[in-house]
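Fold and contact review
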Amino acid sequence: MTADQVITVHGDAELVARAGHLFAGTRHEFVCAARDLNTWSQPEARQAISRRMGGADTSGITVDKLVSPAALADEAARSHLREVAARGARVRISSAPLPHETIIIDRRVMILAGRGTPGMREFTVTTSPVLVDGVYSLFRAAWETATDLAAYLRGDVPHLDTGSRAVLRALGAGYTDESAARQLGLSLRTYRRRVAELMTTLEADSRFQAGLRAGELGLTG
């Protein structure tokens with residue numbers, strides 16, 4: 001790509017074909033902001049990017065990953081982020097929403113993912129210094145207010161078991177207690193007890209507040 005160039009590609013396959021070489025060209029810094037771990041909808045695209053990064057000399061490269069609490073919604077995602085951190089990347093959890101996934105390579109190339117929509121996702125790739133520097137500054141501002149992964153996991157973020165998540169989904173669907181209890185195969189008394197336990201876990205004073213709190217922590221996905 002030439003300086004100031006902006007291109008738009010559609011779908012993971014076209015992104016890898018037209019811009020995948022940029023990942024292998026990383027020399028100093030690789031930063032990424034993402035709501036969750038599903039930036040690449042197709043597993044083969046994820047694997048292709050990983051192969052390109054793995055083929056590069058990553059010694060001396062700073063890797064910073066900023067994700068929202070939604071990325072910690074399941075244990076598989078937590079394990080992946082721990083593994084990424086163990087390999088030397090710095091991982092932080094943002095308290096603010098991250099509506100777009102962004103990758104910036106060496107402060108010279110930016111890849112911005114469009115919002116998830118049915119069909120192929122759109123990606124914008126640019127080498128425009130003005131655009132890259134502007135988004136990079138926003139990334140660093142969010143990074144400074146975010147929490148280190150290890151510290152975040154040691155904090156008060158609740159871990160909900162399968163039963164608690166089922167109760168949370170029932171609350172979100174607006175079922176009556178009687179209907180929710182029947183669907184979950186619980187007695188009305190047991191269901192209400194599980195609701196009370198869920199509210200305690202989420203430090204919520206009402207069912208509505210419990211739903212808001214779960215959403216803030218990325219537990220409703």
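The protein goes by DNA-binding response regulator in an unreviewed UniProt entry, where it is assigned to Microtetraspora fusca.

Overview of the overall build of the protein
For the protein, the count of helices and strands is 10 helices and eight strands. Counting the 221 residues in the protein, one finds 43% classified as buried. Here the contacts in the protein between residues at least 6 apart in sequence split such that 70% fall between residues at least 24 apart. Entry remark: accessible area of the protein is about 12000 Å², with carbon and sulfur atoms responsible for 53%.

Let's talk about the packing of aromatic side chains
Considering all chains together, one arrives at one aromatic pair under this definition. Where phenylalanine 139 meets tryptophan 143, the ring centres are 5.9 Å apart and the plane angle is 25 degrees; that geometry is what we call stacked. On the criterion of helical spacing, the pair formed by phenylalanine 139 and tryptophan 143 is a turn pair, its members being four residues apart in helix α5 (residues 129–145). Relative accessible area serves as the criterion here: at 7%, phenylalanine 139 is assigned to the buried category. The class for tryptophan 143 is buried, based on a relative accessible area of 2%. Sitting above the plane of the tryptophan 143 ring, arginine 140 keeps its charged end 5.6 Å from the centroid.

Looking at α5
With 17 residues, α5 extends 25 Å between its outermost C-alpha atoms, agreeing within 8% with the 24 Å of an ideal straight helix rising 1.5 Å per residue. Residues of α5 that are buried include every one of Val132, Tyr136, Phe139, Arg140 and Trp143, and no others. Considered in projection along α5, the buried side chains sweep an arc of 100 degrees and stay on one side of the axis. Across from the buried face of α5, at angles greater than 90 degrees, the exposed residues are Val130, Leu138 and Thr145. Where α5 is buried, its residues meet β2 (29–34), β3 (62–67), β4 (90–93), β5 (102–105), β6 (109–113) and β7 (122–126).

Side note on unusual backbone geometry
Backbone geometry follows two general trends: most residues other than glycine have a negative phi, and most peptide bonds adopt the trans configuration. The residue aspartate 106 is not glycine, and still its phi comes out positive at about 55 degrees. Assignment of secondary structure puts aspartate 106 in the loop between β5 and β6. Aspartate 106 sits in the buried class, given a relative accessible area of 14%. Phi angles above zero are rare outside glycine, and arginine 107 is one such case at about 55 degrees. Residue position: arginine 107 is located in the loop between β5 and β6. Residue classification places arginine 107 among the partly exposed positions, given a relative accessible area of 42%.

Rules used in this analysis
- Residue positions within a chain follow its written sequence, with the count starting from 1.
- For a predicted model such as this one, the threshold for reporting local features is a pLDDT of at least 70, and the threshold for listing and counting side-chain atom pairs is 80 or more; totals across whole chains, interfaces and linings nevertheless cover every residue.
- Working from all heavy atoms in the structure, the side-chain values ignore hydrogens and water.
- To qualify as a helix, a DSSP run of H or I must reach at least 4 residues; to qualify as a strand, a run of E must reach at least 2; elements of each kind are numbered from the N terminus.
- Relative accessibility under 20% of the residue-type maximum defines a buried residue, over 50% an exposed one, and the middle range a partly exposed one, all with a 1.4 Å probe and only protein chains included.
- Only heavy atoms matter for contacts: two residues are in contact if any of them lie within 4.5 Å across the pair.
- Computed by Shrake-Rupley with a 1.4 Å probe, the accessible areas treat only the displayed protein chains as cover when residues are assessed.
- Pairing of aromatic side chains requires ring centres within 6.5 Å, counting the rings of Phe and Tyr and the six-membered ring of Trp. Pairs whose planes differ by under 30 degrees are stacked, by over 60 edge-to-face, and all others tilted.
- Charge-over-ring contacts are defined here by two conditions on Lys NZ or Arg CZ: a distance within 6 Å of the ring centre and an angle within 35 degrees of the ring normal.
- Helices are assigned an expected span. That span is 1.5 Å times one less than the residue count.
- As used here, the arc is the angular range of directions from the helix axis to the C-beta atoms.

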